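For reference, the chains in residue letters:
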Amino acid sequence: MYTPPAFKDEDVESIRATIRDARLANLVTATAEGPLATPLPLFLDESEGERGVIYGHLAKANPQWQVPPIGNAVTIFMGPEAYVTPSWYATKQETGKVVPTWNYVAVHAYGPVEFFQDPERLLDVVTRLTRKHEAARAKPWAVSDAPADFIAGQLRGIVGIRIPVVRFEGKRKMSQNRPMADRVGVAAGLAASENPADRAAAPLIPVPV
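From a predicted model like this one, the values you see are computed outputs, not experimental measurements.

**A word on the nonpolar core**
Among the nonpolar cores identified, the biggest contains 20 residues, and Ile 19, Leu 27, Ile 54, Phe 77, Ile 161, Ile 163 and Phe 168 are the most heavily contacted of them. Here this core gets three residues from one element, more than from any other, and that element is strand 9 (residues 158-164). With residues near it in sequence (within four places) discarded, Leu 27 still touches Leu 36, Ala 37, Thr 38, Leu 40, Leu 58, Gln 64, Ala 73, Val 74, Thr 75, Phe 115, Ile 161 and Ile 163. By size, the runner-up hydrophobic cluster in this structure holds 13 residues, among which are Tyr 55, Leu 122, Leu 129 and Ile 158.

Right, here's the structure in full:
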């Protein structure tokens, strides 16, 4: 991932928070047949290994797990993102020398990928994924709410993913390279937007509080 120094995020907790908050990620593997990619819900087990281990699953019918990967896999997690109009910049009024851009947070996690079909391991993965995404509900659904034989049949249709992370790349492009007056304008513009995604990005702009 191309990351100029101003946008580099090397804070481990910040990187983990981006992964925790991501609702959907992308698993990308390089193969002799070309790159393969699948959008998937994934989670990071922070207690396992030096940098944590990423888990998830994909459909058994998905050919990605059957094609031998070349080198490490990369999982891509996106955080808040927003279009930035030059109209929010104070510099527009001063010189007019401004162009649009896009602000975003992203994490790439690299590591060797293992695909597995053991039912007990698969059940653990789907149970943990379900708990993560059901936790905020007033009455969370649990895997154990469904009949055991039904779940066993569903598990036969998926393949597990395990990726011990060997390297993180974090990027937080939130107008840090702009003068403070421009940042203030961007933060105010995003905060006032009718788009919830814009408003989610607004607090990440580095401005005085």
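**What to know about the sheet that holds strand 10 (residues 167-173)**
Taken in spatial order, the six strands of this open sheet run 1-10-7-6-2-3, and their pairing is antiparallel. Of all the strands in the sheet, just strand 1 (8-9) and strand 3 (36-40) have a single pairing partner and so form its edges. As judged from the seven bridges shared by strand 7 (residues 101-111) and strand 10, these two strands associate in the antiparallel manner. Its bridge partner being in strand 10, Ala 106 is matched across the sheet by Lys 171.

**Quick look at the environment of Thr 38**
Along the polypeptide, Thr 38 turns up in strand 3. With a relative accessible area of 11%, Thr 38 lands in the buried category. Residues Thr 38 and Ser 193, 155 residues apart in the sequence, show an inter-C-alpha distance of 31 Å. Contact partners of Thr 38, with chain neighbours within four places excluded, come to Ala 25, Asn 26, Leu 27, Asn 62 and Gln 64. There is a polar contact of 3.1 Å between the side chain of Thr 38 and the side chain of Asn 62.

**A closer look at the packing of aromatic side chains**
When we look at a pair of aromatic rings, we describe it by the centre distance and by the angle of the planes. The final tally for this structure, using the stated rule, is two aromatic pairs. Geometrically, the ring pair formed by Tyr 83 and Trp 102 is edge-to-face, given 5.7 Å between the ring centres and 65° between the ring planes. Of this pair, Tyr 83 sits in strand 6 (residues 73-84) while Trp 102 sits in strand 7; the two residues are 19 residues apart in sequence, bridging distant segments of the chain. Exposure remark for Trp 102: the relative accessible area of 44% places this residue in the partly exposed category. Taking the ring centre of Tyr 110 as reference, the NZ or CZ of Arg 167 above it sits at 4.0 Å. Over the ring of Tyr 89 we find Arg 178, and its NZ or CZ is 4.2 Å from the ring centre.

**Regarding the pairing of strand 3**
As paired strands, strand 2 (residues 25-29) and strand 3 are joined by five bridges and run antiparallel to one another. Considered in strand 3, the bridge of Thr 29 is made with Leu 36. If you look at the hairpin formed by strand 2 and strand 3, you'll find six residues sitting between the two strands, and Gly 34 has a positive phi there, around 110°.

**Details of the environment of Asp 149**
In this fold, Asp 149 is placed in helix 4 (residues 148-155). Note on Asp 149: relative accessible area 62%, which makes it exposed. Remark: the alpha-carbon pair of Asp 149 and Ala 82, spanning 67 residues in sequence, is separated by 45 Å.

**Let's talk about helix 1 (residues 12-21)**
Those residues of helix 1 that sit buried are Ser 14, Ile 15, Arg 16, Thr 18 and Ile 19. Its buried side turned inward, helix 1 meets strand 1, strand 4 (43-45), strand 6, strand 7, helix 3 (119-134) and strand 10.

**What about the pairing of strand 9?**
Counting buried positions over the seven residues of strand 9 gives five, a clear majority of the element. Pairing of strand 5 (residues 53-59) with strand 9 involves seven bridges; the strand directions are antiparallel. For His 57, the partnering residue across the bridge sits in strand 9 and is Gly 160.

**Concerning unusual backbone geometry**
Even without glycine at this site, Ser 175 takes up a positive phi of about 65°. With respect to the helices, strands and loops of the structure, Ser 175 is situated in the loop between strand 10 and helix 5 (180-191). With a relative accessible area of 2%, Ser 175 lands in the buried category.

Cut-offs used in this document
Residues numbered from 1 in each chain as written. Predicted model: local features only at pLDDT ≥ 70, side-chain atom pairs only at ≥ 80, totals over all residues. Heavy atoms only, no water. Core = buried A, V, L, I, M, F, W, Y, C linked by side-chain atoms within 4.5 Å. Buried < 20%, exposed > 50% of the residue type's maximum accessible area, 1.4 Å probe, protein only. Helix = DSSP H or I, 4+ residues; strand = E, 2+ residues; numbered from the N terminus. Contact = heavy atoms within 4.5 Å. Pairing = 2+ DSSP bridges. Polar contact = N/O pair within 3.5 Å; in protein donor to acceptor, adjacent residues only side chain to side chain. Phe/Tyr/Trp six-rings, centres within 6.5 Å; stacked < 30°, edge-to-face > 60°. Lys NZ or Arg CZ within 6 Å of the ring centre and 35° of its normal.

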